[in-house]
Amino acid sequence: MADLYMKPGNKERGWNDPPQFSYGLQTQAGGPKRTPLTKRVAALPDGAPRAPTSETSPGAPPMGPPPLSSKASRPPPVGSCPTSSVESTKLLVAEREILLEDVLRPLEQALEDCRGHTKKQVCDDISRRLTLLQEQWAGGKLSTPVKKRMALLVLELSSHRWDTADDIHRSLMVDHVTEVSQWMVGVKRLIAEKKSLSSEEASEATYTATAEENQTTPEVQQAP
């Protein structure tokens, strides 16, 4: 999946110019840093107690590496694999060829869901941006990394992972702004509108469930 977050180089740059790092690699870089193996250990000062020399008694057992724990030899339990179904889907997206309909259809469906809840002017602008996306894709003006990241964005959008979808949108704007600048604004607005619509639907569902529960609860009769 290295090509998903590999920023294409500039052909006008010299051979000895520093590389341009990708936004995706910068956001994913992290984790604990390991101590360099070349670091020297400070020498003990004069007069400090030193470890005794290895003088083993005749009856002492030979020193060796500690025995391996029995837990280390056990295989991992079934179902404990950290790769989830979402990660497997992402691997499939990275390996197979991305088709236009696989990306455009979920975006158009999300736009249809927003109609009736979003202003007509906003929906029309999003639709116009999606048309530009379709034209550039069909015209061969989009690179493979852009197509693959758009497939991942659609996957996160369909799974209601709004923040992850917005992060992918942001990485595309940083790494491939010349390719996506004309239509990515509409995708960003679509993510925001779909997130707002989902929050409204969740609130309405909670209100409806609470109202039905109050109606079915019998009233407690007070004693005269």
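Residues numbered from 1 in each chain as written. Predicted model: local features only at pLDDT ≥ 70, side-chain atom pairs only at ≥ 80, totals over all residues. Heavy atoms only, no water.

Draft legend 1. Structural view of the pattern of salt bridges. A full pass over the atoms with the stated rule returns 13 salt bridges. For Arg115, the salt bridge identified is with Glu112, shortest N-O distance 3.4 Å. When its relative accessible area of 32% is taken as the criterion, Arg115 is described as partly exposed. Shared partners join several salt bridges into a network, and the residues in it are Glu112, Arg115, Lys120 and Asp124. (Salt bridge = Lys/Arg side-chain N within 4 Å of Asp/Glu carboxyl O. Buried < 20%, exposed > 50% of the residue type's maximum accessible area, 1.4 Å probe, protein only.)

Draft legend 2. A look at the packing of helix H3 (residues 100–114) against helix H4 (residues 120–138). Direction vectors running N to C along H3 and H4 enclose 175 degrees, while the axes themselves pass 11 Å from each other. As the angle between them shows, H3 and H4 are arranged roughly antiparallel. Packed against H3, whose contacting residues are Leu100, Val103, Leu104, Leu107, Glu108, Leu111 and Cys114, the element H4 presents Cys123, Ile126, Ser127, Leu130, Leu133, Gln134 and Trp137 at the interface. In terms of residue class, the contact of H3 with H4 is made up of eleven nonpolar, two polar and one charged. (Axes fitted to C-alpha atoms, helices over the stretch in contact; angles between N-to-C directions. Helix = DSSP H or I, 4+ residues; strand = E, 2+ residues; numbered from the N terminus. Parallel < 35°, antiparallel > 145°, perpendicular 65-115°, else oblique. Contact = heavy atoms within 4.5 Å. Nonpolar A, V, L, I, M, F, W, Y, C, P; charged D, E, K, R; others polar.)

Draft legend 3. Inspection of the environment of Leu107 at higher detail. Mapped onto the secondary structure, Leu107 falls in helix H3. A sequence separation of 19 residues divides Leu107 from Ile126, and the C-alpha atoms of the two residues are 9.8 Å apart. Setting aside chain neighbours within four positions, we find Leu107 in contact with Leu130, Leu133, Met150, Val154, Leu157 and Leu190.

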